[in-house]
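Observations on the three-dimensional arrangement
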Amino acid sequence: MKTIKKLGLVIAAFCVNASPSWAADAAAREDNSDLFVWIFLAFCALIIVAQLIPAAMMLLGFSKGVKKGKVPPAPKPVDHLT
């Protein structure tokens, strides 16, 4: 168990030392695409929400069906030809 803790501390130390170099690389880039990125993310969120609404309705339908219990059997067909 101690070796796992030591390994975790070593990995955390490497990640903490590497984070300033990642931040410096990202700060140097400037492309002015903020508005288009937010529009794209909003469109993706709209698609996800649009797919969640029917899924939630179906889940509610399933739960109502389970709550009802057993369905009565269908009546036997009547032969009108005889």
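This is a predicted model, so every value here is computed, not measured.

Analysis parameters
Residues numbered from 1 in each chain as written. Predicted model: local features only at pLDDT ≥ 70, side-chain atom pairs only at ≥ 80, totals over all residues. Heavy atoms only, no water. Helix = DSSP H or I, 4+ residues; strand = E, 2+ residues; numbered from the N terminus. Buried < 20%, exposed > 50% of the residue type's maximum accessible area, 1.4 Å probe, protein only. Areas by Shrake-Rupley, 256 points an atom, 1.4 Å probe, with all protein chains shown as cover. Expected span 1.5 Å × (residues − 1).

**Observations regarding the overall build of the chain**
- Tallying secondary structure elements over the chain gives two helices and zero strands in all.
- When the 82 residues of the chain are sorted by exposure, 0% land in the buried category.
- Of the roughly 8400 Å² that the chain leaves accessible, carbon and sulfur atoms contribute 74%.

**Topic: helix α2 (residues 34–68)**
- With 35 residues, α2 should cover 51 Å at 1.5 Å per step; its first-to-last C-alpha distance of 51 Å lies within 8% of that length.
- Little of α2 is tucked away: zero of the 35 residues are buried.
- Just downstream of α2 lies G69, where phi reads positive at about 100°.

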